Amino acid sequence: MKAFSYERASTPEAAAAAAVQHPQARFIAGGTNLLDLMKLQIEQPGHLIDVNGLKLDRVEPTPEGGLRIGALVRNTDLAGHERVRSSYAVLSRALLAGASGQLRNKATTAGNLLQRTRCPYFYDTDMACNKRAPGSGCSAIGGMTRQLAVIGGSEACIATHPSDMAVAMRVLDATVETVKAGGAQRRIPIADFYRLPGQTPHLENNLERGELITAVTLPSPPGGRHVYRKVRDRASYAFALVSVAAIVQPDGSGRVALGGVAPQPWRVEAAEAQLPRGAKAAADAVLAGARPTADNGFKLTLAERTIAAALAEGKVRT
Ligand code: SF4
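Fair warning: this is a prediction, and the values are worked out from it, not measured in the lab.

Novice: Go over the overall build of the protein chain, please, and point to the residues and values.
Specialist: Along its length, the protein chain carries 10 helices and 11 strands. Relative to the globule expectation of 20 Å for 318 residues, the C-alpha radius of gyration of the protein chain, 19 Å, shows essentially globular dimensions. The principal-axis extent of the C-alpha atoms belonging to the protein chain is close to 55 × 50 × 30 Å. Relative to its full complement of 318 residues, the protein chain shows a buried share of 51%. Restricting to contacts in the protein chain with at least 6 residues of sequence separation, those with at least 24 account for 63%. Here the protein chain carries 38 positive and 28 negative side-chain charges, and the mean point of each set is 3 Å from the other.

Laid out in structure tokens, this is it:
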């Protein structure tokens with residue numbers, strides 16, 4: 001690990017200002033992803049800004065009937081929160097499907113949104129990777145792609161986003177709240193938060209330099225039955241091959257977002273009109289334009305079957 005300087009931020013605005021001052025700065029809270037990346041010298045920050053003392057660890061009702069989740073709320077606490085379990089169950093279930101108990105105790109809401117891909121070539125510094133070293137090439141294309149994206153990728157990168165929580169946030173129409181160095185605040189719908197890789201896969205979201213996530217807000221609960229289904233290579237502590245966050249109404253209509261198939265949580269609102277026609281129609285519409293590789297074409301079938309299972313579970317439980 002390379003040497004770095006360290007400070008504890010006293011306010012969100014001060015944290016954002018410090019990040020602008022130090023071009024090689026990173027915020028750190030739980031550190032469940034960043035520290036691993038630093039040990040492998042994939043991330044080499046010159047300065048760490050510890051945001052753990054910023055009192056952004058509360059879950060509060062909003063005046064609009066929704067929920068405001070502080071950026072530092074730990075995944076375990078969020079999954080177990082009474083209102084999340086009763087009114088936003090898809091979020092609780094997605095959180096509990098992720099990582100391990102120990103990691104969820106440390107990992108934060110903001111950190112979960114910002115975690116990096118688990119593409120194996122991203123972690124192997126002997127291999128070319130446009131996300132890790134822009135312009136160096138993509139070792140995955142033509143390599144091992146079983147875990148990687150079937151839609152939303154580019155000629156430069158076909159990595160998937162690893163978060164379960166973000167898939168549930170997407171189906172719930174969450175909004176990311178931020179603060180910038182000068183104190184200006186911003187609200188970014190999660191649909192606009194992530195970037196597709198295009199020619200710049202190292203740019204994964206639309207945060208500006210130094211911009212700090214302070215909270216994630218959820219609108220009032222959407223009703224319906226909440227389902228999160230995750231298919232992976234082993235029963236726990238593994239990333240999704242395909243996951244489905246669904247909110248199912250008694251008549252079979254609803255919402256659906258997919259994980260494990262794209263560089264960001266994948267939701268196509270227009271495709272949801274197909275849900276009452278069944279999983280095949282919905283999967284075909286959500287994944288229209290998919291470009292799987294020879295190794296990961298199975299994800300299209302798996303997505304359809306996982307949507308079918310989610311719809312069946314949603315209907316059974318109505
Ligand atoms: Fe890197 Fe993306 Fe290619 Fe993986 S898919 S090697 S993360 S550029």
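Novice: How would you summarise the site of the ligand if you had to cite specific residues and measurements?
Specialist: Near the ligand, the surroundings consist of 13 residues, among which C119, C129, C138, C157 and I158 are the closest. In a pocket analysis with a 2 Å cut-off to the grid points, the ligand is assigned to the second largest cavity. Residue classes in the shell around the ligand are distributed as 10 nonpolar, two polar and one charged.

Novice: So what's going on with helix α1 (residues 12–21)? Residues and values would help.
Specialist: Those residues of α1 that sit buried are P12, A15, A16, A18 and A19. One face of α1 carries all of its buried residues, which in axial projection span an arc of 160°. Those residues of α1 hidden inside the fold are in contact with β1 (5–8), β2 (25–28), β3 (47–50), β6 (175–179) and β8 (212–218).

Novice: Can you lay out the pattern of salt bridges for me, pointing to particular residues and giving the numbers?
Specialist: Tallying each qualifying case throughout the model produces 19 salt bridges. The residue R146 makes a salt bridge to D233 at a minimum N-O spacing of 2.9 Å. Remark: D233 occurs in the loop between β9 (225–231) and β10 (242–248) and R146 occurs in the loop between α7 (109–114) and α8 (165–171); sequence separation between them is 87 residues. The closest approach of N and O atoms between D164 and K230, which form a salt bridge, is 2.8 Å. Residue D164 is found in the loop between α7 and α8, and its partner K230 is found in strand β9; the two are separated by 66 residues along the sequence. Residue class for K230 comes out buried when judged on its relative accessible area of 16%.

Novice: Can you tell me about the packing of aromatic side chains, naming the residues and giving the values?
Specialist: Counted under the stated rule, the structure contains two aromatic pairs. For the pair F193 and Y194, a centre-to-centre distance of 5.0 Å together with 85° between the ring planes defines the contact as edge-to-face. A relative accessible area of 9% means that Y194 is categorised as buried.

Novice: Kindly report on the sheet that holds β1, identifying the contributing residues and their values.
Specialist: Strand order in this open sheet of three strands is β1-β3-β2, and the pairing throughout is parallel. A strand with exactly one partner marks an edge of an open sheet, and here the two such strands are β1 and β2. Geometrically, the sheet is characterised by an average inter-axis angle of 25° between neighbouring strands, direction not taken into account. As judged from the four bridges shared by β2 and β3, these two strands associate in the parallel manner. Across the sheet, residue F27 finds its bridge partner in β3, namely I49. Here α1 sits on the sheet in contact with β1, β2 and β3, set at roughly 150° to β2.

Analysis parameters
- Residues numbered from 1 in each chain as written.
- Predicted model: local features only at pLDDT ≥ 70, side-chain atom pairs only at ≥ 80, totals over all residues.
- Heavy atoms only, no water.
- Helix = DSSP H or I, 4+ residues; strand = E, 2+ residues; numbered from the N terminus.
- Rg over C-alpha atoms; globule rule 2.2 N^0.38 Å.
- Buried < 20%, exposed > 50% of the residue type's maximum accessible area, 1.4 Å probe, protein only.
- Contact = heavy atoms within 4.5 Å.
- Lys, Arg positive; Asp, Glu negative; His and termini not counted.
- Charge placed at Lys NZ, Arg CZ, Asp CG, Glu CD.
- Near = heavy atom within 4 Å.
- 1 Å grid on protein atoms, 1.4 Å probe; cavity = no way out; pocket = protein on both sides within 12 Å on 5 of 7 lines; lining within 4 Å.
- Sits in = over half its atoms within 2 Å of the grid points.
- Nonpolar A, V, L, I, M, F, W, Y, C, P; charged D, E, K, R; others polar.
- Arc of directions from axis to C-beta.
- Salt bridge = Lys/Arg side-chain N within 4 Å of Asp/Glu carboxyl O.
- Phe/Tyr/Trp six-rings, centres within 6.5 Å; stacked < 30°, edge-to-face > 60°.
- Pairing = 2+ DSSP bridges.
- Axes fitted to C-alpha atoms, helices over the stretch in contact; angles between N-to-C directions.

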